[in-house]
Amino acid sequence: MNGKQLIARRVAREIQPGSLVNLGIGLPTMVAQYVPEEDNVFFQSENGIIGSGGLPDGMENTSLSDAGGGMIGALPGAAAFDSAFSFGLIRGGHLDMTVLGGLQVDSQGRLANWIIPGERVPGMGGAMDLVTSARKVIVAMIHTAKGTAKIVEKLNLPMTSDRRVDLIITELAVIRPSEQGLILEEVAPGVNAAQVQDQTEAKLIVSDSVTTMELKPT
Amino acid sequence: MNGKQLIARRVAREIQPGSLVNLGIGLPTMVAQYVPEEDNVFFQSENGIIGSGGLPDGMENTSLSDAGGGMIGALPGAAAFDSAFSFGLIRGGHLDMTVLGGLQVDSQGRLANWIIPGERVPGMGGAMDLVTSARKVIVAMIHTAKGTAKIVEKLNLPMTSDRRVDLIITELAVIRPSEQGLILEEVAPGVNAAQVQDQTEAKLIVSDSVTTMELKPT
Amino acid sequence: MKKTTSVTHAVEAIPQEASIMIGGFMGVGTPEHLIDEMVRQHKGGLTVIANDTARPGVGIGKLIDARLVKHVTASHIGTNPETQRQMIAEELTVELVPQGTLVEQIRCGGFGLGGVLTPTAVGTLAAEGKRILEIEGKQFLLELPLKADFALIKAQQCDYFGNLQYRLTAQNFNPVMAMAAATVFVEAVELVPVGCIAPDDVHTPGTLVDYIVKTGVAA
Amino acid sequence: MKKTTSVTHAVEAIPQEASIMIGGFMGVGTPEHLIDEMVRQHKGGLTVIANDTARPGVGIGKLIDARLVKHVTASHIGTNPETQRQMIAEELTVELVPQGTLVEQIRCGGFGLGGVLTPTAVGTLAAEGKRILEIEGKQFLLELPLKADFALIKAQQCDYFGNLQYRLTAQNFNPVMAMAAATVFVEAVELVPVGCIAPDDVHTPGTLVDYIVKTGVAA
């Protein structure tokens, strides 16, 4: 199990049966494979569908893709709609959860993930709407970038939203941003709090009840 | 032929082939019967359809009605939609013409047709949106109400919109509101300009080229 | 699976004095079974948001007849003399809003927008006391989002996830209301198995529907 | 009957330097025949409003490859390195807008509204220099309506009135763009006789479509 799989399996535990969830492109997309079918979780793809399924496995249709442009399937009971409606679901607070990747999160729990000025300007796509308005926002990311801390005291990249995200899940820890700061709630198996702090620029508040991450079975 | 039929037949001449038209409840609805089928005029009913047809003649469906709640038919190529879209068509300027009844029109061409304070408060329904945003607004009404002028110098009823309507068509005359005032352009067969002014409170500007109304054949 | 419930239980969940959006246009697209049960259980003091109050004995008109409504926000009440009588007698209050504005206010409530900026009603009685914005030289009236505790909506088909398909002009205000209320009850002409409404035919995704009301079936 | 036209004639009607809305999301739902013909006729200096610029060689990416675009308003260009290269080289300008805001701006353009009031982007770089309104204690960013000279849209089915039905996620920005452009060209997978799309299946009424583009048929 690599770091990304560990993250995906931990994120999967946050997903409630019957809920409506948007998974960002990349690592977050891996989460779906750890959510059991009987949970009836509805996955939204912001380009216009609820009920998107995994790879269609030989049943591709060029009019059915995910938000990254990759071909997907649709589950029974899926619903398709236009972009205005799709973002109405998001902005209107009808989305129970979104899981996104991140470039940085700061001590106030604010996310940066859409631009590196002067270097890379991909654009925000749906991220600003998702982070501002989903009921629960989880940042799922590798803890550091080539040795550089991504969980920082203060963002030096432009933020995606002034809304505080609800949870940061990395291959080392589960961290809950709060009014008081970043609370370390869980550590990965074989990792201790000091090691997490070591990889983190922002000061972590170590919860009295730090536990070891539990993961969804594969 | 009574006054209402005369008005409907004159209004029908304003309707361009292939255009999208909304007809108000009551007198304006009568216009449709004088528009030949080969003109391919699209009638919108603001409760959610383009392509509404006349009485369905034994083919009623309880889910298909006009803006007055009466059962209607649908022509081949009809399209149904919700109220947000319906008023998007109206407000967005996609409607070529609306024909409405009126309580009063004043010398600036402003219409009042939604409330008689202290007496009758039906509400504006779709009228304010229609008068404000349709490309062309025609007021189709009987010239006076029980001997009282309806075309007045200044409205004493609350106006429907501050937009100047494009044409007033009554059983006596066709009047075009303009920056300069109300221009009498046509008189009904057997009626002269003095007679029209007699029934009109607002001062009419008699066009140099007043003609006799031409009517759509029955 | 989405929770199905009886008409009786659905209406029991609605308290007196609730704010309720009700779909329909002159009764077409109004969930009549839910309305009838509201009357039977005598749920009063209601704030109703709807296009109109239909006619006496029809749709929302039945709530008016039974004097269950304290306030109505609507675009038109001209077809219901009883609504006008109660308004004049100060038994209920009425706020009249242009139809295109009303539907956008409800949409704003459901779509998380701060309000609608419309040219409609600028300069009229209906804009009095309200905020006007000048945008690129043109005036727009700012009208605020509308939300409600409950929406009572009507669909043609509903699957057991709550996916809805409406029919012709019975669609009207139903889809926007499904977005704008905290709890959404749907009454459908037909309940079908999941998968029987094609994705492109779904007008309202089931995730917006809280309870599917079974009509004509004992609880 | 609605005017049908060839791809060649359709694109001939579009001048250089036109502003164009183009449907699609990463190329899905983009009218490829119209794009190819834009490239063939070398229509340049374009202002493009679209969700993204897809990838090199795909959809709007072909216009970028051919250096026909002067300005792009989009939510995302990260999948097209050529767009980024041209932006950095100052060969084109890019305005990035959150996707939910972009689609509402286009909707406002088509629906006659004065602008969208959204909580998205408040406090961020994307709100700089823009008007913020406080409404009931909450801040909203005012973003203005977007319109264009032309919309190039893609549908699954089109009848000879121009009534359109889209397919799955190929719908995306197409229906709002059909409302917001002065002249609308549609390219459909299938052209069907009037009456063959049921009223409830029509996503865009034909009155909004100016020209139906016949693909693969000589003019």
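Our structure's up above, just so we're on the same page.
From a predicted model like this one, the values you see are computed outputs, not experimental measurements.

Student: How should the overall build of chain C be read in this particular structure?
Tutor: Looking only at helices and strands, chain C has six helices and 12 strands in total. In terms of overall size, chain C behaves like a compact globule, its C-alpha atoms giving a radius of gyration of 17 Å where 219 residues would be expected to give roughly 17 Å. Expressed as a percentage of its 219 residues, the buried residues of chain C come to 64%. A separation threshold of at least 6 residues defines the contact pool for chain C, and within that pool the share at least 24 residues apart is 70%. Of the charged side chains in chain C, 17 are positive and 23 negative; the average position of the first set lies 3 Å away from that of the second.

Student: I would appreciate a short explanation of the relation of the copies chain D and chain C in the present structure.
Tutor: The two chain copies are connected by a rotation around an axis plus a translation along it. Mapping chain D onto chain C calls for a rotation angle of 180 degrees and an axial translation of 0.0 Å; the resulting RMSD is 0.0 Å. One copy is carried onto the other by what is essentially a two-fold rotation axis. A share of 100% of the interface residues of chain D reappears at the interface of chain C, consistent with the copies meeting face to face through the same patch.

Student: Looking at this structure, I do not really get the interface of chain C and chain B. What am I missing?
Tutor: Accessible area lost on assembly of the parts is the figure often given for the size of an interface. Listed as interface residues are 36 residues of chain C and, on the opposing side, 37 residues of chain B. Summed over both sides, the interface between chain C and chain B buries roughly 2800 Å², with carbon and sulfur atoms accounting for 64% of that surface. Across the chain C-chain B interface, the total number found is zero salt bridges. Between chain C and chain B we count 13 residue pairs in polar contact (both at pLDDT 80 or more) in total. Counting residues per element, the ones that place at least two in the side of chain C that touches chain B are helix H4 (81-88), helix H5 (99-111) and helix H6 (174-180) of chain C. Among the elements that take part in the side of chain C that touches chain B, H5 of chain C stands out by supplying five residues, more than any other. Split into classes, the residues belonging to the side of chain C that touches chain B amount to 19 nonpolar, 15 polar and two charged.

Student: Honestly, the sheet that holds strand S13 (residues 173-178) of chain A in this entry has me stumped. Any pointers?
Tutor: Hydrogen bonding along the main chain pairs the strands of a sheet, whether they run parallel or antiparallel. Residue and element names in this part refer to chain A. Taken in spatial order, the 10 strands of this open sheet run S4-S3-S2-S1-S5-S8-S12-S13-S14-S15, and their pairing is mixed. Two strands bound the open sheet, and with one partner strand each, they are strand S4 (73-80) and strand S15 (204-212). Each adjacent strand pair in this sheet contributes to an overall mean axis angle of 25 degrees, direction not counted. Across three bridges, strand S1 (residues 20-23) lies against strand S2 (residues 42-45) in parallel orientation. Residue pairing in the sheet places Asn-22 in a bridge with Gln-44 of S2.

Student: Hey, could you run me through the interface of chain D and chain C in this one?
Tutor: Contact residues are listed per partner, giving 27 residues for chain D and 27 residues for chain C. Across the interface of chain D and chain C, roughly 2000 Å² is buried in total on both sides, 51% from carbon and sulfur atoms. In this structure, the connection of chain D to chain C is made through four salt bridges. Between Arg-167 of chain C and Asp-200 of chain D there is a salt bridge; the shortest N-O distance is 2.7 Å. Counting across the interface, chain D meets chain C through 10 residue pairs in polar contact (both at pLDDT 80 or more). When residues of the side of chain D that touches chain C are traced back to their parent elements, those giving at least two are helix H5 (99-111), strand S6 (116-118), strand S7 (132-135) and strand S8 (138-143) of chain D. Across the side of chain D that touches chain C, the residue classes tally to 13 nonpolar, six polar and eight charged.

The rules behind the values
- Residues numbered from 1 in each chain as written.
- Chains lettered and ligands numbered in written order.
- Predicted model: local features only at pLDDT ≥ 70, side-chain atom pairs only at ≥ 80, totals over all residues.
- Heavy atoms only, no water.
- Helix = DSSP H or I, 4+ residues; strand = E, 2+ residues; numbered from the N terminus.
- Rg over C-alpha atoms; globule rule 2.2 N^0.38 Å.
- Buried < 20%, exposed > 50% of the residue type's maximum accessible area, 1.4 Å probe, protein only.
- Contact = heavy atoms within 4.5 Å.
- Lys, Arg positive; Asp, Glu negative; His and termini not counted.
- Charge placed at Lys NZ, Arg CZ, Asp CG, Glu CD.
- Least-squares fit on C-alpha atoms with pLDDT ≥ 70 in both.
- Buried area = accessible area lost by both parts, 1.4 Å probe.
- Salt bridge = Lys/Arg side-chain N within 4 Å of Asp/Glu carboxyl O.
- Polar contact = N/O pair within 3.5 Å; in protein donor to acceptor, adjacent residues only side chain to side chain.
- Nonpolar A, V, L, I, M, F, W, Y, C, P; charged D, E, K, R; others polar.
- Pairing = 2+ DSSP bridges.
- Axes fitted to C-alpha atoms, helices over the stretch in contact; angles between N-to-C directions.

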